[in-house]
Amino acid sequence: MTDTVLDVAARATAGFRAQYGTEPAGVWAAPGRINLIGEHTDYNDGFVLPMAIDRAAWIALRPRDDSKVAIHSLDFGEDREFDLDHLASTGNEWINYVQGVAWVLQKKTRGLKGWDGVTAGDVPIGAGLSSSAAFELASARAFASISGMPWDPREMALAAQRAENDWIGVRCGIMDQMISAAGEEGHALLIDCRSLETRSVPMPPGSAVVILDTATRRGLVDSAYNDRRLHCEEAADFFGVEALRDVDVERFERLAPRMENVMRRRARHVITENARTLQAADALERGDAETVGRLMNESHASLRDDFEVSRKELDEIVELAQGHGACRGARMTGAGFGGCAVALVDGEGADDFARTVAEAYQSATGLEPRVYVCSASAGASIESTTPVPA
Ligand code: GLA
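Residues numbered from 1 in each chain as written. Predicted model: local features only at pLDDT ≥ 70, side-chain atom pairs only at ≥ 80, totals over all residues. Heavy atoms only, no water.

**With respect to the packing of helix 10 (residues 312-322) against helix 11 (residues 350-365)**
- Where helix 10 meets helix 11, the axes come as close as 9 Å, and the angle between the chain directions of the two elements is 140°. The orientation of helix 10 relative to helix 11 falls into the category oblique. Every pair of crossing elements has a handedness; the one defined by helix 10 and helix 11 is right-handed. Counting all contacts with helix 10, which are made through Glu 313, Glu 316, Ile 317, Leu 320 and Ala 321, the residues of helix 11 involved are Phe 353, Val 357, Ala 360, Tyr 361, Ala 364 and Thr 365.
- In the contact of helix 10 with helix 11, the residues fall into eight nonpolar, one polar and two charged. (Axes fitted to C-alpha atoms, helices over the stretch in contact; angles between N-to-C directions. Helix = DSSP H or I, 4+ residues; strand = E, 2+ residues; numbered from the N terminus. Parallel < 35°, antiparallel > 145°, perpendicular 65-115°, else oblique. Left-handed = near helix turned anticlockwise from the far one by under 90°. Contact = heavy atoms within 4.5 Å. Nonpolar A, V, L, I, M, F, W, Y, C, P; charged D, E, K, R; others polar.)

This is how it looks when you write it as structure tokens:
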């Protein structure tokens, strides 16, 4: 784990001591993510290849004997409290993610325990790096371990996705929660979003993953995301299949001339992206960073032209990245419409890459990007300081 990550854990622990005058029973964490390739494929039962990053949401806590949960957020400077026996949605507030997770876990277990906690994180909020999935999984991990629930990453990812879908009201797929729950250090994770089977693939030695935050935010894009989902469902109906995952490139090409223009382009993105994602996982396994990079470049073009979820700042930073000698490949990452791009870069050239692209982007757009060289981390974890009482 990197120093920055441990700094945040230490901040949460120090915050807990300041708030409660005692040591926490433990510190629970879950990471944010980038997606190397496989975008807008998860809700089509397809394939994704994300990587958990060394930035996470942390919760330092001690269990309580009653059904109350009291949390101080160091990042928001706010105290919030709720009762597990009287859950009520609080809209977009950060505490609502903890409530949503509690609501789902309560259906799985009796005797979910309350706690006093302090939370802190370093996943930038709203940047498309899944800060909310990180917070959901850190909460799930904390509830599970103090309430004696077994930790099954797949089950917990599904629980967190359900919280997001049915409690928060965001219709996301399973990718963000799965990688935050099940990521593996030094590896990306190929996820089959239908069976939820996973395969860990090692990140190529000598390469670095660089996050390029355009400093633009997604804004109100729920409707655009839901629109894309709808078009994909219509396209699946056109092919007479359950989901676009069931259509291969050859069948698509045969029937494409009969499809309406927008539906055809949306479907083409998903179907070719699934193929690219499987190829990229195989290439990673061979240590073939060049092929992964080429597939990432193709993915960006497809998201920009066919799926239409990029924006000019993302295109700009991706183009600048792709033009640097150390870059193997670059693309937007996450839902799109703003936020971050990700680049796979020659390790030795990573610092020069980060500096050069940031400067060129700033002079082209007037926006100040944030650039993070990151490493592949493990999924939701516990850093216990003292044993948690049974
Ligand atoms: C968001 C959603 C994911 C996925 C991506 C696009 O991050 O939460 O489930 O659909 O967009 O790939």
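**Quick notes on the pairing of strand 8 (residues 207-213)**
- The element strand 8 is largely enclosed, with a buried count of six among its seven residues.
- Sheet topology note: the strand 8/strand 10 (residues 340-346) ladder contains seven bridges and is antiparallel. Among the inter-strand pairings, Leu 212 is bridged to a residue of strand 10, identified as Ala 341. (Buried < 20%, exposed > 50% of the residue type's maximum accessible area, 1.4 Å probe, protein only. Pairing = 2+ DSSP bridges.)

**Some points on helix 6 (residues 222-239)**
- Over its 18 residues, helix 6 extends 26 Å from the first C-alpha to the last, a length consistent with the 26 Å expected when each residue adds 1.5 Å.
- On its buried side, helix 6 packs onto helix 7 (249-255), helix 8 (261-285) and helix 9 (289-307).
- Positive backbone phi, at 70°, marks Gly 240, one or two positions downstream of helix 6. (Expected span 1.5 Å × (residues − 1).)

**Focus: the domain arrangement of the protein chain**
- When the domains of the protein chain are assigned, the result is domain 1 (3-36 + 50-201 + 379-384) and domain 2 (207-374).
- Each of domain 1 and domain 2 was reduced to a C-alpha centroid, and the two centroids are 27 Å apart.
- Opposite the 25 residues of domain 1 that make contact, domain 2 presents 29 residues.
- Three residues, Leu 36, Arg 171 and Arg 194, lead the burial of domain 1 against domain 2; their summed loss comes to 32% of the area buried on that side.
- Run the count over domain 1 and domain 2 and you get six salt bridges.
- Among the salt bridges present, the one from Arg 199 reaches Asp 282, with a minimum N-O distance of 2.9 Å.
- Joining domain 1 to domain 2, the criterion identifies 11 residue pairs in polar contact (both at pLDDT 80 or more). (Domains from an automatic or database assignment. Buried area = accessible area lost by both parts, 1.4 Å probe. Salt bridge = Lys/Arg side-chain N within 4 Å of Asp/Glu carboxyl O. Polar contact = N/O pair within 3.5 Å; in protein donor to acceptor, adjacent residues only side chain to side chain.)

**So, the sheet that holds strand 8**
- On the basis of which strands lie adjacent, the open sheet formed by four strands has the order 9-10-8-11 and antiparallel pairing. At either margin of the open sheet sits one strand with a lone partner, and together these are strand 9 (327-332) and strand 11 (370-374). The average angle at which neighbouring strand axes cross in this sheet is 20°, direction not considered.
- Sheet analysis places strand 8 next to strand 11, joined by five bridges and oriented antiparallel. Bridged to Leu 212 within strand 11 is Val 371.

**Remarks on the site of the ligand**
- Contacts to the ligand come from Arg 33, Glu 39, His 40, Asp 42, Tyr 43, Cys 172, Gly 173, Met 175, Asp 176, Tyr 225 and Ala 335.
- Between the ligand and the protein, one listed contact pairs an oxygen atom with a backbone N or O atom of His 40 at 2.7 Å.
- Gly 173 places a main-chain nitrogen or oxygen 2.9 Å from an oxygen atom of the ligand.
- Within the complex, the protein chains bury 94% of what would otherwise be the 310 Å² of accessible surface of the ligand. (Near = heavy atom within 4 Å. Areas by Shrake-Rupley, 256 points an atom, 1.4 Å probe, with all protein chains shown as cover.)

**Some thoughts on the nonpolar core**
- With 78 residues, the main nonpolar core has Ile 34, Leu 49, Met 51, Trp 115, Phe 143 and Met 203 as its most contacted residues.
- Two domains each put at least three residues into this core: domain 1 (3-36 + 50-201 + 379-384) and domain 2 (207-374).
- Phe 252, Leu 255, Phe 307 and Met 332 belong to the second largest nonpolar core, which has 42 residues in total. (Core = buried A, V, L, I, M, F, W, Y, C linked by side-chain atoms within 4.5 Å.)

**Structural notes on unusual backbone geometry**
- Its identity is not glycine, yet Ser 130 carries a phi of approximately 65°, on the positive side.
- Note that Ser 130 resides in the loop between strand 5 (115-121) and helix 3 (131-146).
- Taking the relative accessible area as the measure of exposure, Ser 130 reaches 8% and is therefore buried.
- The phi torsion at Ala 215 lies on the positive side, around 65°, for a residue other than glycine.

**Quick word on the environment of Ser 195**
- Note on placement: Ser 195 falls in the loop between strand 6 (187-192) and strand 7 (198-202).
- For Ser 195, the side chain forms a polar contact with the main-chain nitrogen of Glu 197, separated by 3.1 Å.

**Let's talk about the pairing of strand 3 (residues 68-73)**
- Of all six residues making up strand 3, five are buried, and the element is well covered by its neighbours.
- As judged from the six bridges shared by strand 3 and strand 4 (residues 78-83), these two strands associate in the antiparallel manner. Across the sheet, the residue bridging to Ser 73 is Glu 78, located in strand 4.
- Following strand 3, the chain reverses through four residues before pairing antiparallel with strand 4; Gly 77 in that reversal takes a positive phi of roughly 65°.
- Across five bridges, strand 3 lies against strand 5 in parallel orientation. Within strand 5, the position partnered with Ser 73 by the bridge is Thr 119.

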